[in-house]
Amino acid sequence: MTMTAPVSTPSDRSAPEDGRMEDRAKPSILVVDDEEGICSFLSRALERRGWRVAVAGSAEEGARTLERIHAEVIILDVALPGRSGLDWLKELMAGGYAGEVILVTAFADMDTAIDALRSGAADFVLKPFRVEQILNSIDRCVERTRLTRENYVLRRQLSKKDSGRDEIVGRSDAMMRLRSLVQRVAPTPSTVLIQGESGVGKELVARALHDLSPRADRPFVAVNCAAISADLIEAELFGHARGAFTGAKDARKGLFYYAHGGTLFLDEIGELSLTLQSKLLRVLEERRIRPVGSEQEVPVDVRVVTATNRDLKAEAAAGRFRPDLFYRLEVMTLTIPPLRQRAVDVPELAALFMRFLPARLAVPPLTLTPEVTRALMCHSWPGNVRELRNFVERSLLLGEFPLDDLDTANAAAVEAGLAADPSLCAAAVAGNPPCAPCPVRHVRMDGDNDVLPLAEVEKRHILTVLARCDGSKARAADLLGVSRKTLDRKCVEWGV
């Protein structure tokens, strides 16, 4: 007996305008059993609890159903007409099926149960069963899927974790604007393209977009497209079936699967081949992926954030990047300026690295004197923030700052920037010694340098020091040489 019931599934309707797939709710379930009573009983019981259900009377009918819909859980009878449920289970696993399978049977023995679990079944239920047994089994499947994704993502994050705070650092106008844009764009589902030279912190911005979005409690998966060979990147992203290519002894899920419900960050997107660019465009448009070597399409609920150090518009004009994908990616473009264009951010970054690296290296910290700070600001930093971090780490290992390793190519630009920067040091204005962490030019408010009212100079300097102390008024008061009460009074006066 073969039967099938209509079912409303993600493939039967287009994705919502906000880009979120509806399979974030209860999963779709496929019941494959040749007993009409079992199919009817399970359909009614599961649909009453909010699941979407399709039924089939044989493995062959189930396979055809999976060509139309994606079922996250299959309830599969072992004894079926034609191909047995156990044989079809093995084919599903070899083909890269990304869901869970619950086997049910009225004639079980230990060998069958062991074979089922070894073949990839998530659970094994004996007939006759109560509806609570099936519901508990489905709940375990859903939880197992969630934990598998989270564990995979956590392992990737732990293996790559090598920074201090995951936040955008910098008080320059460019970084202030960038932070404002990130906060505005993050809550939306729009695709974002992040541009900037190598080492400026593109992944940091991508993480900020994720952390400030409604997907913050779901996975953030980052992949460097340039670090994976062109032959393997498609399988890495979409997964693959067993035997899909030489060496594919087992089926494997891809990064889109593990990023389900969250954010997938594709760094160095310009390194993808034109063929893979075409497939990525299709995924962005249709919200469905096809594992390599598989005939089944799987719906995905993933926000894609991309990054590049290339000029993708020029690459598209030269035929090295698909124009249609470029226009799809640049819904919103965030550009991170190189460090040489925002030297005023260098002291804050250096101080950040000096706070967390000594404990990691088990060495004492070094003092960032005005001389060292000025030298750091005058260096051009071709490797950007990554190079600055490495320089601080090397200095800690040496026990001193190797300032001779730094160039002064950026000195003129730094001087020009400081001359235009209104954050002048109030300590020098009052005729006192300059505060040790202050990197800016120390000028006196006399006839030759009458650029700002004294009250404005004082306010800007105090707020700058307070920001660099992460809002700690106790630390800021200590650095400024004033009482905490005085600082509190000033902040109230300025509405801070």
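Residues numbered from 1 in each chain as written. Predicted model: local features only at pLDDT ≥ 70, side-chain atom pairs only at ≥ 80, totals over all residues. Heavy atoms only, no water.

- If you check an unreviewed UniProt entry, the protein chain appears there as Response regulator from Azospirillum formosense.

### Details of the nonpolar core
Part 1 of the reasoning: Counting 30 residues, the largest nonpolar core has Leu237, Phe256, Leu264, Leu266, Ile269 and Leu280 as its most contacted members.
Part 2 of the reasoning: Residue assignment for this core shows that the elements contributing at least two residues are strand 7 (220-224), helix 8 (233-238), helix 9 (255-258), strand 8 (263-267), helix 10 (274-286) and helix 12 (323-329).
Part 3 of the reasoning: Among the elements that make up this core, the one with the highest residue count is helix 10 (five residues).
Part 4 of the reasoning: Discounting chain neighbours no more than four positions away, the residues touching leucine 266 are Val223, Cys225, Leu237, Leu280, Val304, Val305, Thr306 and Ala307.
Part 5 of the reasoning: One finds Val346, Leu349, Leu368 and Met377 within the second-largest nonpolar core, a separate group that totals 24 residues. (Core = buried A, V, L, I, M, F, W, Y, C linked by side-chain atoms within 4.5 Å. Buried < 20%, exposed > 50% of the residue type's maximum accessible area, 1.4 Å probe, protein only. Helix = DSSP H or I, 4+ residues; strand = E, 2+ residues; numbered from the N terminus. Contact = heavy atoms within 4.5 Å.)

### Concerning the UniProt feature "modified residue: 4-aspartylphosphate" (unreviewed entry) in the protein chain
Part 1 of the reasoning: Taking the UniProt record as the reference, the feature "modified residue: 4-aspartylphosphate" (unreviewed entry) is found at Asp77.
Part 2 of the reasoning: Here aspartate 77 lies in strand 3 (residues 73-77).
Part 3 of the reasoning: Given a relative accessible area of 3%, aspartate 77 falls into the buried group.
Part 4 of the reasoning: Once residues within four sequence positions are removed from consideration, aspartate 77 is found in contact with Val32, Asp33, Asp34, Gly85, Val104, Thr105 and Lys127. (UniProt positions renumbered as here; feature names shortened; annotations may be inferred.)

### Some words on the packing of helix 19 (residues 473-480) against helix 20 (residues 484-494)
Packed helices, taken two at a time, are described by their axes: the angle between them and the distance between them.
Part 1 of the reasoning: Where helix 19 contacts helix 20, the axes come no closer than 9 Å and their chain directions differ by 110°. The orientation of helix 19 with respect to helix 20, classified from their angle, is roughly perpendicular. Note on element contacts: helix 20 touches helix 19 through Arg484, Leu487, Asp488 and Cys491, opposite Lys473, Ala474, Ala476, Ala477 and Leu480.
Part 2 of the reasoning: Looking at the contact of helix 19 with helix 20 residue by residue, the class counts come to six nonpolar, no polar and three charged. (Axes fitted to C-alpha atoms, helices over the stretch in contact; angles between N-to-C directions. Parallel < 35°, antiparallel > 145°, perpendicular 65-115°, else oblique. Nonpolar A, V, L, I, M, F, W, Y, C, P; charged D, E, K, R; others polar.)

### Quick notes on the packing of aromatic side chains
Part 1 of the reasoning: Tallied over the full model, the rule gives seven aromatic pairs.
Part 2 of the reasoning: Here the aromatic rings of phenylalanine 220 and phenylalanine 265 are separated by 6.3 Å at their centres, their planes lie at 20°, and the arrangement is stacked. Placement of the pair is phenylalanine 220 in strand 7 and phenylalanine 265 in strand 8, with a sequence separation of 45 residues. Of the two residues examined, phenylalanine 220 and phenylalanine 265, each falls in the buried class.
Part 3 of the reasoning: Ring centres of phenylalanine 353 and phenylalanine 356 lie 6.0 Å apart, and the angle between their planes is 75°; on these two criteria the pair is classed as edge-to-face. Linking phenylalanine 353 with phenylalanine 356, this pair stays in helix 13 (residues 346-361), spanning three residues, or about one helical turn. Of the two residues examined, phenylalanine 353 and phenylalanine 356, each falls in the buried class.
Part 4 of the reasoning: One residue, lysine 253, lies across the ring of tyrosine 257, its end atom 5.3 Å from the ring centre. (Phe/Tyr/Trp six-rings, centres within 6.5 Å; stacked < 30°, edge-to-face > 60°. Lys NZ or Arg CZ within 6 Å of the ring centre and 35° of its normal.)

### Describing helix 13
Part 1 of the reasoning: In this model, helix 13 (16 residues) spans 22 Å end to end at C-alpha, consistent with the 22 Å of a helix rising 1.5 Å per residue.
Part 2 of the reasoning: The largest bend in helix 13 is about 25°, located at arginine 355, with the proline proline 358 one to four residues further on.
Part 3 of the reasoning: Listed in full, the buried residues belonging to helix 13 are Val346, Pro347, Glu348, Leu349, Ala350, Leu352, Phe353, Met354, Phe356, Leu357 and Pro358.
Part 4 of the reasoning: Buried residues along helix 13 sit in contact with helix 14 (370-378) and helix 15 (384-398).
Part 5 of the reasoning: Two residues or fewer past helix 13, alanine 362 is found with a positive phi of approximately 60°. (Expected span 1.5 Å × (residues − 1). Bend = angle between axes of the 7 residues up to and from the residue.)

### So, the pattern of salt bridges
Part 1 of the reasoning: Taken as a whole, this structure holds 27 salt bridges when the rule is applied.
Part 2 of the reasoning: For glutamate 297, the salt bridge goes to arginine 282, with nearest N and O atoms at 2.3 Å. A residue pair is termed long-range when its members are at least 10 positions apart, and glutamate 297 in the loop between strand 9 (288-289) and strand 10 (298-299) and arginine 282 in helix 10 qualify at 15 residues.
Part 3 of the reasoning: The class of glutamate 297 is buried, set by a relative accessible area of 16%.
Part 4 of the reasoning: In this structure, the salt-bridge partner of glutamate 315 is arginine 310, at a minimum N-O distance of 3.1 Å.
Part 5 of the reasoning: On the accessibility criterion, glutamate 315 (12% relative accessible area) is buried.
Part 6 of the reasoning: Judged by its relative accessible area of 30%, arginine 310 falls in the partly exposed class.
Part 7 of the reasoning: Here the residues in one salt-bridge network are Arg282, Glu286, Arg288, Arg290 and Glu297, joined through shared partners. (Salt bridge = Lys/Arg side-chain N within 4 Å of Asp/Glu carboxyl O.)

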